[in-house]
Amino acid sequence: MVTQQSPAPARRGRGRRPAAEVRREILRAAGELLLTEGMAAFTIERVAALAGASRVTLYKWWPSKGALALDGYFDAVGPTLAFPDTGDIAADLTAQLRAFVHLMRDTQAGRVMPELVGHAQTDPELSALLRERYSAPRRALAVEALERAKRRGQLREDVDPEVVVDQLWGACYHRLLIPDQPLTDEFAEALVRNLLAGIGSAR
């Protein structure tokens, strides 16, 4: 788990490290720095120092600090957002939505995501990467789960999974970005319950 303490620079022994190891260290350092200090303190130079790598190496793989920040973010939070597949779409949606709510509400990731979204408004490259590497893959997992549920007869045939994704996760992002109502487990559960009451199969 990432702590609130700022990450310390890495100490490396002599010898050339494999590229895969260097990349892992860079992503780890980027994720820790982003989640502990946010985008305002996030720079290519600081990540390079923390990872024991050169700026040239970082720019070879990531064209901007926004791109690196996004990959570091997903490297840190990706496992938390794994989509379950128990065969029960109501349980799976509720579990995934509650995990998302917990991540956004109770960890630094919830503070960082609005920052990334904000930076993406003036950084076209980050905006494209946000869709390509974060939102599109996350959306695809949910759409696949809903399609499986349709094949099992748990949802009506005319249900549009893309719209369902927007209804569920869009509501959570709304409360995250415009916090006039709390983002809670009860809210996540009510979203799934209310939605399934309208799209569930009568069979």
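Each remark here, short or long, concerns the structure printed above.
What this report covers is the structure whose coordinates are included nearby.

About the criteria used
Residues numbered from 1 in each chain as written. Predicted model: local features only at pLDDT ≥ 70, side-chain atom pairs only at ≥ 80, totals over all residues. Heavy atoms only, no water. 1 Å grid on protein atoms, 1.4 Å probe; cavity = no way out; pocket = protein on both sides within 12 Å on 5 of 7 lines; lining within 4 Å. Points joined across faces, edges and corners; volume = space filled by probe spheres on them. Helix = DSSP H or I, 4+ residues; strand = E, 2+ residues; numbered from the N terminus. Buried < 20%, exposed > 50% of the residue type's maximum accessible area, 1.4 Å probe, protein only. Arc of directions from axis to C-beta. Contact = heavy atoms within 4.5 Å. Expected span 1.5 Å × (residues − 1). Polar contact = N/O pair within 3.5 Å; in protein donor to acceptor, adjacent residues only side chain to side chain.

### Re the layout of surface pockets
No. 1: In this model, the largest pocket occupies a volume close to 430 Å³.
No. 2: Contributing to the lining of the largest pocket are 19 residues, with Y134, S135, R138, W169 and Y173 lying nearest its centre.
No. 3: Secondary structure elements with two or more residues in the lining of the largest pocket: helix 5 (89-106), helix 6 (109-120), helix 7 (124-151) and helix 8 (161-177).
No. 4: With seven residues, the single largest contributor to the lining of the largest pocket is helix 7.

### Some details on helix 2 (residues 44-51)
No. 1: Restricting attention to buried positions, one finds in helix 2 the residues I44, V47, A48, L50 and A51. Axial view of helix 2: buried residues confined to an arc of 165°, hence all on one face.
No. 2: Where helix 2 is buried, its residues contact helix 1 (19-37), helix 3 (55-61) and helix 4 (65-77).

### Observations concerning helix 5
No. 1: Between the first and last C-alpha of helix 5 there are 25 Å, a value that for 18 residues agrees with the 26 Å anticipated at 1.5 Å per step.
No. 2: Of the positions making up helix 5, those classed as buried are I89, D92, L93, T94, Q96, L97, F100, V101, L103 and M104.
No. 3: Here helix 5 starts with a cap whose side-chain oxygen sits 3.1 Å from the backbone nitrogen of A90, and that cap is D88.

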